[in-house]
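Chains, contacts and geometry: an overview
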Amino acid sequence: MIKLCDFAGDWRLTRRISHSDGSVARFEGRAMFTTEDDGLRYHETGDLILSSGQRMAGERSYLWREQGAQIAVAFDDGRPFHVFDPTDPRADHFCAPDSYVVRYAFGDWPRWQAVWRVQGPRKDYVMESHYARE
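Residues numbered from 1 in each chain as written. Predicted model: local features only at pLDDT ≥ 70, side-chain atom pairs only at ≥ 80, totals over all residues. Heavy atoms only, no water.

Okay, the environment of Arg 26 next. Inspection of the secondary structure assignment puts Arg 26 in strand S2 (residues 24-36). Sequence-distant contacts of Arg 26, that is, excluding residues within four places in its chain, are made with Arg 15, Asp 47, Leu 48 and Ile 49. Here Glu 28 takes part through its side chain, which lies 2.4 Å from a polar atom of the side chain of Arg 26. (Helix = DSSP H or I, 4+ residues; strand = E, 2+ residues; numbered from the N terminus. Contact = heavy atoms within 4.5 Å. Polar contact = N/O pair within 3.5 Å; in protein donor to acceptor, adjacent residues only side chain to side chain.)

In structure tokens form, the structure reads like this:
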């Protein structure tokens, strides 16, 4: 079973963002899980490549902590984001009026993925992130 400590270290990150209008963006970079207080800080950096070919630098951070047998993910400022059980790795996050549903896949560890389905009045996309050890 996957535990929080298993994520520590550097990962190659590739992402595909497929919008309902048919446009596709990509993200290429890396994700780092570093020890912080009672958990791990997730920080990703890389390039977002839009369907037009335009490139821009991107980054974001989250806090990952153990919560019993589950993993709790919080935004960088500590606000709760979602909680998942590594044995049934899916979660929901509602930020009215938008809905975020994630399914993690750890079956090919140490390669893993997170697939987000995002829907709202102005959002409709699927974001597939693939991670592999550096």
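Anyway, onward from the coordinates.
Using the criterion set out here, one finds 28 aromatic pairs in the structure. Considering the side-chain rings of Phe 33 and Tyr 42, the 5.0 Å spacing of their centres and the 70° angle between planes classify their relative orientation as edge-to-face. By relative accessible area, Phe 33 is classed as buried at 2%. Here Tyr 42 falls in the buried class, since its relative accessible area comes to 3%. Between the aromatic rings of Trp 64 and Tyr 104, the centroid separation amounts to 6.3 Å while the plane-to-plane angle is 75°, which identifies the pairing as edge-to-face. Taken together, the residues Trp 64 in strand S4 (residues 55-67) and Tyr 104 in strand S8 (residues 98-108) connect sequence positions 40 residues apart. Both residues of the pair, Trp 64 and Tyr 104, belong to the buried class. Between the NZ or CZ atom of Arg 15 and the centre of the ring of Phe 27, over which it lies, the distance is 5.1 Å. (Phe/Tyr/Trp six-rings, centres within 6.5 Å; stacked < 30°, edge-to-face > 60°. Buried < 20%, exposed > 50% of the residue type's maximum accessible area, 1.4 Å probe, protein only. Lys NZ or Arg CZ within 6 Å of the ring centre and 35° of its normal.)

Further remarks concern unusual backbone geometry. Residue Pro 97 is bonded to the preceding Ala 96 through a cis peptide linkage, with omega at 10°. Tracing the backbone through its elements, the reader meets Pro 97 in the loop between strand S7 (90-95) and S8. Here Trp 109 and Pro 110 are connected by a cis peptide whose omega angle stands at 15°. With respect to the element layout, Pro 110 can be found in the loop between S8 and strand S9 (111-119). Even without a glycine there, the phi angle at Asp 37 is positive, about 50°. Of note, Asp 37 is situated in the loop between S2 and strand S3 (39-49). Asp 37 gets classed as exposed once you look at its relative accessible area, which sits at 71%.

This next bit is on the pairing of strand S6 (residues 80-84). When strand S5 (residues 70-75) meets S6, the two strands line up antiparallel, connected through four bridges. Counted as the bridge partner of Val 73 is His 82 from S6. Here S5 folds back onto S6 in antiparallel fashion, the turn holding four residues, of which Gly 78 has a positive phi close to 95°. (Pairing = 2+ DSSP bridges.)

Time to look at the pattern of salt bridges. Throughout the structure, instances matching the rule amount to twelve salt bridges. Among the ionic pairs, Arg 26 bridges to Glu 28, the shortest N-O distance being 2.4 Å. Between Glu 44 and Arg 60 there is a salt bridge; the shortest N-O distance is 3.0 Å. Taken as a pair, Glu 44 in strand S3 and Arg 60 in strand S4 lie far apart in primary sequence, 16 residues in all. Residue Arg 60 is classed as partly exposed on the basis of its relative accessible area, which comes to 28%. One salt-bridge network, held together by shared partners, links Arg 15, Glu 44 and Arg 60. (Salt bridge = Lys/Arg side-chain N within 4 Å of Asp/Glu carboxyl O.)

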